[in-house]
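Inside the fold
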Amino acid sequence: MSGGCPFCKIVRGQAPASRVAEGAHVVAFMDLRQAVLGHVLVVPRAHIETIHDLPPDTAAEMMQLAVRIARALRAADDPPGLNLWQSNGDAGGQEVPHVHLHVQPRRPGDGLLGLYPHGPPVPSSRDALDAMADNVRRQLAASSPDAIPSPTTSLS
């Protein structure tokens, strides 16, 4: 999809954007739709659809730049909170199929991200949490730290 991808067009300079910062593998720019004032997106230069396909060096650079932007937002406007938000697939709420990290300064009552519309969930049992942790640990042990699993890799 890179030809029609709006983020690829921004990276290539074929679409306007208010750029904030650039790195070897990443670009950061103001989100066109400011859900909260100061909302910045950090995207890889390469067209990569989801976090599952993100190379480790690009993932590291995305997070390092997000941290720098968070600090700059704090220095510029001192918001009392901040979210880093990343979504994958339709079920995860991903709207543009190009992996991106939202850096969003937060203020009380800004109305963004009502995480628990029915109240906080009941804590899971320790046995259930331990079983899930064991499953993830087994998958981590089976792959190298730099491996990029296929998008169909399951944790079960």
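Scope of this entry: the structure provided in the associated data block. (Residues numbered from 1 in each chain as written. Predicted model: local features only at pLDDT ≥ 70, side-chain atom pairs only at ≥ 80, totals over all residues. Heavy atoms only, no water.)

1. A short note on the environment of P6
Test applied: Starting at the N terminus, helices and strands are each numbered in turn, a helix being any DSSP run of H or I of at least four residues and a strand any DSSP run of E of at least two.
On the secondary structure map, P6 appears in helix 1 (residues 6-11). Through-space distance from the C-alpha of P6 to that of P97 is 9.4 Å; in sequence the pair is 91 residues apart.

2. Remarks on the pairing of strand 3 (residues 40-44)
Heads up, the rule is: Exposed residues in this analysis have more than 50% of their type's maximum accessible area, buried residues have under 20%, and partly exposed residues fall in between, with area computed by a 1.4 Å probe over protein chains only. At least two DSSP bridges between two strands are needed for those strands to be called paired.
In terms of burial, strand 3 is largely enclosed, as five of its five residues are buried. Across five bridges, the pairing between strand 2 (residues 26-30) and strand 3 is antiparallel. Bridge pairing in strand 3 places V26 opposite P44. In terms of strand pairing, strand 3 meets strand 5 (residues 101-106) through three bridges, oriented antiparallel. Bridge pairing links V42 to L101 in strand 5.

3. Things to note about the environment of L32
Its location among the elements puts L32 in the loop between strand 2 and strand 3. Taking relative accessible area as the criterion, L32 reaches 83% and is therefore assigned exposed.

4. Comments concerning the pattern of salt bridges
For side chains of opposite charge, pairing can occur when their charged atoms come near one another. In plain terms, the rule: By definition, a salt bridge exists where a carboxyl oxygen of Asp or Glu is found within 4 Å of a side-chain nitrogen of Lys or Arg.
Counted by the stated rule, this structure contains seven salt bridges. E95 is the partner of R33 in a salt bridge, and the nearest nitrogen-oxygen pair spans 2.3 Å. Residue R33 is found in the loop between strand 2 and strand 3, and its partner E95 is found in the loop between helix 3 (89-92) and strand 5; the two are separated by 62 residues along the sequence. Where D134 meets R138, a salt bridge forms, and the shortest distance between an N and an O atom there is 3.3 Å. Of the two residues, D134 and R138 both sit in helix 4 (residues 126-142), four residues apart, roughly one turn of that helix. You can call D134 partly exposed: its relative accessible area is 33%.

5. With respect to helix 2 (residues 56-77)
How we decide: A helix's residues, less one, multiplied by 1.5 Å, set its expected span. By definition, residues are in contact when any of their heavy atoms lie within 4.5 Å.
Between its first and last C-alpha atoms helix 2 spans 31 Å; for 22 residues at 1.5 Å apiece the expected length is 32 Å, and the two agree. Turning to helix 2, its buried residues number three or more, namely T58, E61, M62, L65, A66, I69, A70 and L73. Tucked into the core, helix 2 has its buried residues touching strand 1 (19-22), strand 2, strand 3, strand 4 (81-85) and strand 5. Once helix 2 finishes, D78 follows within two positions and takes phi at roughly 50 degrees, a positive value.

6. Digging into the state of the cysteines
Spelled out, the test is: For the purposes of this analysis, a disulfide is any pair of cysteine sulfur atoms at a distance within 2.5 Å.
Tallied over the full model, the rule gives zero disulfides. Lacking any disulfide linkage, C5 is separated from the closest cysteine sulfur, that of C8, by 3.7 Å. Of the residues examined, C5 reaches a relative accessible area of 0% and is grouped as buried. Exposure remark for C8: the relative accessible area of 4% places this residue in the buried category.

Just distances and angles here, no functional claims.
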